[in-house]
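Notes for the structure review
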Amino acid sequence: MTDAQETAADSSLRTTGGAPPDDVETAPTPLLEPRDGIPAVIADEESLAATVAAFAAGTGPVAVDAERASGYRYGQRAYLVQLRREGAGTALVDPVACPDLSALGEALGDTEWVLHAATQDLPCLREIGMVPSRIFDTELAGRLAGFPRVGLGAMVESVLGYVLEKGHSAVDWSTRPLPEPWLRYAALDVELLVDLRDALEKELDRQGKLEWAREEFDAIASAPPAPPRKDPWRRTSGMHKVRRRRQMAVVRELWTARDKVAQRRDVSPGKVLSDGAIVEAALALPPNVHALAGLTGFGHRMGRRQLEQWQAAVDRAKALADSELPQPGQTVSGPPPPRSWADRDPAAAARLSAARAAVSSVAERLGMPQENLITPDTVRRVCWEPPAQVDQESVAAALAAHGARAWQITQVTPVLVTALT
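Anyway, here's the lowdown on the structure attached to this text.

Cut-offs applied
Residues numbered from 1 in each chain as written. Predicted model: local features only at pLDDT ≥ 70, side-chain atom pairs only at ≥ 80, totals over all residues. Heavy atoms only, no water. Helix = DSSP H or I, 4+ residues; strand = E, 2+ residues; numbered from the N terminus. Buried < 20%, exposed > 50% of the residue type's maximum accessible area, 1.4 Å probe, protein only. Contact = heavy atoms within 4.5 Å. Areas by Shrake-Rupley, 256 points an atom, 1.4 Å probe, with all protein chains shown as cover. Patch = residues over 30% accessible without salt bridge, like charges linked within 9 Å, V, L, I, M, F, W, Y side chains within 5 Å. Salt bridge = Lys/Arg side-chain N within 4 Å of Asp/Glu carboxyl O. Lys, Arg positive; Asp, Glu negative; His and termini not counted. Charge placed at Lys NZ, Arg CZ, Asp CG, Glu CD. Core = buried A, V, L, I, M, F, W, Y, C linked by side-chain atoms within 4.5 Å. Pairing = 2+ DSSP bridges. Axes fitted to C-alpha atoms, helices over the stretch in contact; angles between N-to-C directions. Left-handed = near helix turned anticlockwise from the far one by under 90°. Nonpolar A, V, L, I, M, F, W, Y, C, P; charged D, E, K, R; others polar. Polar contact = N/O pair within 3.5 Å; in protein donor to acceptor, adjacent residues only side chain to side chain.

What about the overall build of the protein chain?
Secondary structure summary: the protein chain contains 20 helices and 6 strands in total. Considering only C-alpha atoms, the protein chain reaches an extent of 70 × 60 × 45 Å along its principal axes. Going through the 421 residues of the protein chain one by one, you find that 47% of them count as buried. At a minimum sequence separation of 6, the contacts of the protein chain that also span at least 24 residues come to 65%. Summed over its atoms, the accessible surface of the protein chain is roughly 20,800 Å², and 50% of this surface lies on carbon and sulfur atoms.

Here is the structure:
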């Protein structure tokens, strides 16, 4: 049994099958059960105040998770927040009934928060007033440590030896009241996060990567909110089929109209009108509602009023002056797509090829994904516009300017200097 499994066993977790015996490799992996049962959902200010006090008085790191309703509701707001801390137990908080959790966030402000895939949950937690100063990301820790599968269920099973039920990850968490099986699933998501954190910290320390992980965690915790995406309509699925500027204008108008409807109705935009339907209309440029109704995605189930709404968007795009039409390509900063480098700058293409091979070799030696060693975008930018004088100092400075952390700079600078020369 591993140290982590011993830790889990010592914490008196209830399982369906007990701790796995050391000498039986085929023994069934025990199914995790909430050690304190399923807590009641906190949905009023009095209960929230008691929870804030309990978690402020707790000890050690706090496990935090959030459930969204992606694919069902507009935006990425949190519909359930789960927490667990030694001395406080597990809490399930309803951020719809209690939309301001800043008091809870402040009570835990100096505490290390343990999250799995932190960048997914931090934006919605920030919206309700929960902003950590220190984090430990168990998914990222798993990547740095070289685990082949880093989903929460896979990590808990491989590191701690317990199975998490994962049957409710894609449900509509805006449902009220939340069914008991969903609450059980939600409570289990934070049940062993701190145990997993402790085991991964030991493994990272054994591999000499713990300080690297801490740099990554600090970078995530201190990162400002992402700016609004420019021209989000350009990310419509199937957009590569749309070549003409007039057709692009149709995509833009339909996307914008759909977004307004989705926001007003608080439903996922895809439930209002599919991306496929938007692209179909853009390619066909239907002259009237009857023609629009014959396109895929605008079938017989769509009412006349809805069809007229979408046709009006198409007509607006068709009526635009040429000067008002969107440009074919989205203006982006940085180098062009690598596929065009060989024609535009063969020397840069050669640098990129050498750099990619070198980074891949270092990542393999360190036992981690290349993108966690250094982002592909950073490699491209340095290869497209290398320092005028290529040496250790100038390449390190270029990497730092693109946001690379100190440990990344130390690992990749030597091989990039060789690739760039």
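Focus on a negative patch on the surface
On the surface, Asp44, Glu45, Glu46, Asp100 and Glu106 cluster together to form a negatively charged patch. Following the sequence through the fold, Glu46 ends up in helix 2 (residues 45–57). What makes Glu46 exposed here is its relative accessible area of 67%.

A few points about the nonpolar core
One finds Leu83 and Leu125 to be the most contacted residues of the largest nonpolar core, which totals 82 residues. For Leu125, the contacting residues outside a window of four places in its chain are Val64, Ala66, Val81, Trp113, Leu115 and Met130. Of all hydrophobic cores here, the second largest spans 33 residues; its members include Ala249, Val250, Ala281 and Trp310.

Focus: the sheet that holds strand 2 (residues 59–68)
The strands that make up a sheet are held in pairs by hydrogen bonds between backbone atoms, and each pair lies either parallel or antiparallel. Strand order across the open sheet formed by 6 strands is 1-4-3-2-5-6, with mixed pairing between neighbours. At either margin of the open sheet sits one strand with a lone partner, and together these are strand 1 (41–42) and strand 6 (134–137). Relative to strand 5 (residues 112–115), strand 2 is paired through 2 bridges, and the arrangement is parallel. Counted as the bridge partner of Val62 is Trp113 from strand 5. Lying over the sheet, helix 7 (residues 180–191) contacts strand 1, strand 2, strand 3 (78–86) and strand 4 (89–93), oriented at roughly 45° with respect to strand 3.

Notes on the side chain of Glu253
In this structure, Glu253 sits in helix 10 (residues 245–265). Its relative accessible area of 18% is what places Glu253 among the buried residues. If sequence neighbours within four positions are ignored, Glu253 has contacts with Ala313, Arg316 and Ala317.

What about the packing of helix 5 (residues 138–145) against helix 9 (residues 210–222)?
Where helix 5 meets helix 9, the axes come as close as 10 Å, and the angle between the chain directions of the two elements is 145°. Note that helix 5 runs across helix 9; the crossing there is right-handed. Contact residues: helix 5 offers Leu140, Ala141 and Leu144, while helix 9 offers Ala213, Glu216, Phe217 and Ile220. Across the contact of helix 5 with helix 9, the residue classes break down as 6 nonpolar, no polar and 1 charged.

Examining the side chain of Gln311
Relative to the elements of secondary structure, Gln311 occurs in helix 14 (residues 304–318). On the accessibility criterion, Gln311 (4% relative accessible area) is buried. Within the structure, Gln311 has its side chain in polar contact with the backbone oxygen of Pro286 (distance 3.1 Å). The residues contacting Gln311, other than those within four sequence positions of it, are Pro286, Pro287, Asn288, Val289 and Leu292.

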